[in-house]
Amino acid sequence: MDRLSTTTLLPETFQGARDDITEQIAVIWQQIKAPVIVPLLRLSVFLCLIMSVMLLVEKVYMAIVIVLVKLFSRGPHKRYRFEPIRDDLELGNSAYPMVLVQIPMYNEREVYQLSIGAACGLSWPSDRIIIQVLDDSTDPVIKDMVQLECDRWASKGINIKYEIRDNRNGYKAGALKEGMKHGYVKDCDYVVIFDADFQPESDFLWRTIPFLVHNPEIGLVQARWKFVNADECLMTRMQEMSLDYHFTVEQEVGSSTYAFFGFNGTAGVWRISALNEAGGWKDRTTVEDMDLAVRASLKGWKFVFLGDIRVKNELPSTLKAYRYQQHRWSCGPANLFRKMLMEIARNKKVNLWKKMHVIYSFFFVRKIVAHILTFVFYCVVIPATVLVPEVQIPKWGAVYIPSMITILNAVGTPRSLHLLVFWILFENVMSLHRTKATFIGLLEAGRVNEWVVTEKLGDALKTKVGVKAAKKPRLRVGEKLQLLELGTGAYLFFCGCYDVAFGTNHYFIFLFLQAFAFFTVGVGYVGTFVPHT
């Protein structure tokens, strides 16, 4: 009988203990809510609203510039002199500038043939072009394959050089810098850079080099990217939307107004004298291309973006590869901003407006504020106001401004407007990684110089889609980033449930969708999405 009574009392004891804990948490929450949580949350809302206005003003400004450029047809061919390079009977091929084409690569088993073949297929006088393959591969089998490919093209009369080094110091920047040290480079006037997955059309040089030949103030000509695997899955469609805006708006605006924008690291042509005057390649950050562009701009060189020239390349098609790429693209600019802020401010060769553009618009708003705002405001602050109804966000800050920013971002890819909701959710998830990387760059924390080469699949893309359909999502939550995603998803889901239960702000649909997105990416399921056309 005593045993039966003890057994009966056990659940009641546990229930009482749970009730006590719940009551204690509620008391603690009420005690710290008014003096601590509410003021901090109000300050966060205030700062986020300021950042929202800053970002909106930047987006509207760029939209106005793009409209004016299109309306008055102020493209590069109107702003700069462009004439095809013509044959000279007396000078012969000497009338054509000497061009160096650099292709840095690292264990590029799937794409090395594509990039080397495309570079060797460029139309230009054969004695006025040098193809330089900079192979940092650590796999001896792949090194042999790349060297054999170079030898095959050399046997066809192509002036191609296969260059290796005994270390990977400086990664891509180190390889490019080492490549410029060879004796045959001193005869070259311009250098073209293509990453290992880029495939330029044969007339690429005829459409870019004349800008540099006829305009001595131009130091860089940048072409646009064209994505060969944009329709592979939902994740690649999301990437296409973000990058199309970058090229059609950000790069075009920079080229049209201040003749400055960030070099994309590939599909561009540099005047070698401009590259050397700027100090050459430096490996102090993971964005050596942006570093070089900023330094060259501070020397007074102008840049031209040619949106009508598109070079085929590949988007990361796995979540792991995309994460690493986004870490590099978010951490690097923040770290470069930290290193170059005073150098830009003290520069004497460029005017005040250009310095303000580089510091405020290019770096602060686009590379720092945009990442921090997306995560902190939409994934932390807005859900927190559900739990703290004393703090209210004005409708213009919670609805109108975000909607306008989203619409302005989406104009770069009209064919994907129906995917806008998915894009918003995916960007909010990735903002967690970008914000983390931004702070790592600003604070120069542990992973500030982490460089992981983005995986490329090349011809394997043709079979990858079919293989994907048979795969099942794998639950791999051991990584810290995945735990962060799942934790954020749980927080958003809890806030959504609280909103449903108490009807505080009626954000529950938005919160549930965000929670679902974080859970989806957290378990690695996004890579299994079927192709979208």
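Just so it is clear, the model here is predicted, and its values are computed rather than measured.

**Student:** If you had to explain the nonpolar core to someone new, which residues and values would you point to?
**Tutor:** Counting residues in each nonpolar core, the largest one holds 93 residues, and the members touching the most others are Val101, Ile116, Phe204 and Trp270. When neighbours within four sequence positions are excluded, tryptophan 270 is seen to be in contact with Asp189, Tyr190, Val191, Ile193, Gly219, Leu220, Phe263, Leu275, Leu292, Ala293, Ala296 and Phe303. If you look at the next biggest cluster of nonpolar residues, it comprises 52 residues, including Met241, Leu319, Phe375 and Ile401.

**Student:** Outline the UniProt feature "transmembrane region" (unreviewed entry) in the protein, supporting the account with residue identities and numerical values.
**Tutor:** The UniProt entry lists residues 43-72, 364-388, 400-426, 481-501 and 507-530 under the feature "transmembrane region" (unreviewed entry), expressed in the numbering used here. Helix and strand shares over residues 43-72 are 97% and 0% respectively, and the end C-alpha atoms of the span are 44 Å apart. Regarding residues 400-426, the helix share stands at 67% and the strand share at 0%, and the terminal C-alpha atoms are separated by 20 Å.

**Student:** Any chance you could break down the sheet that holds strand S6 (residues 268-271) for me, citing the residues and the numbers?
**Tutor:** Where strands meet in a sheet, backbone hydrogen bonds hold them as pairs that are either parallel or antiparallel. Here we have seven strands laid out as an open sheet, ordered S3-S2-S1-S4-S6-S5-S7, and mixed in their pairing. One side of each edge strand has no neighbouring strand; the edge strands of this open sheet are strand S3 (160-164) and strand S7 (302-313). With strand direction ignored, the average angle separating the axes of adjacent strands in the sheet is 20 degrees. The pairing of strand S5 (residues 218-227) with S6 spans three bridges and is classified as antiparallel. Bridge assignment links valine 221 to a residue of S6, and that residue is valine 269.

**Student:** Could you give me a rundown of the state of the cysteines, with the residues and numbers involved?
**Tutor:** Taken as a whole and judged by the stated rule, the model has zero disulfides. The structure places no disulfide on cysteine 150, whose sulfur is separated from the nearest cysteine sulfur, that of cysteine 120, by 7.4 Å.

**Student:** Help me get a handle on helix H11 (residues 352-387), residues and values and all.
**Tutor:** In this model H11 runs just 45 Å from its N-terminal to its C-terminal C-alpha over 36 residues, more than 12% under the 52 Å that 1.5 Å per residue would give. Taking the largest bend as the criterion, H11 deviates by roughly 45 degrees, centred on phenylalanine 364. Counting buried residues along H11, 29 of its 36 residues qualify, which places the element largely inside the surrounding structure. Here H11 starts with a cap whose side-chain oxygen sits 3.2 Å from the backbone nitrogen of tryptophan 353, and that cap is asparagine 351.

Rules used throughout
Residues numbered from 1 in each chain as written. Predicted model: local features only at pLDDT ≥ 70, side-chain atom pairs only at ≥ 80, totals over all residues. Heavy atoms only, no water. Core = buried A, V, L, I, M, F, W, Y, C linked by side-chain atoms within 4.5 Å. Buried < 20%, exposed > 50% of the residue type's maximum accessible area, 1.4 Å probe, protein only. Contact = heavy atoms within 4.5 Å. UniProt positions renumbered as here; feature names shortened; annotations may be inferred. Helix = DSSP H or I, 4+ residues; strand = E, 2+ residues; numbered from the N terminus. Pairing = 2+ DSSP bridges. Axes fitted to C-alpha atoms, helices over the stretch in contact; angles between N-to-C directions. Disulfide = S-S within 2.5 Å. Expected span 1.5 Å × (residues − 1). Bend = angle between axes of the 7 residues up to and from the residue. Polar contact = N/O pair within 3.5 Å; in protein donor to acceptor, adjacent residues only side chain to side chain.

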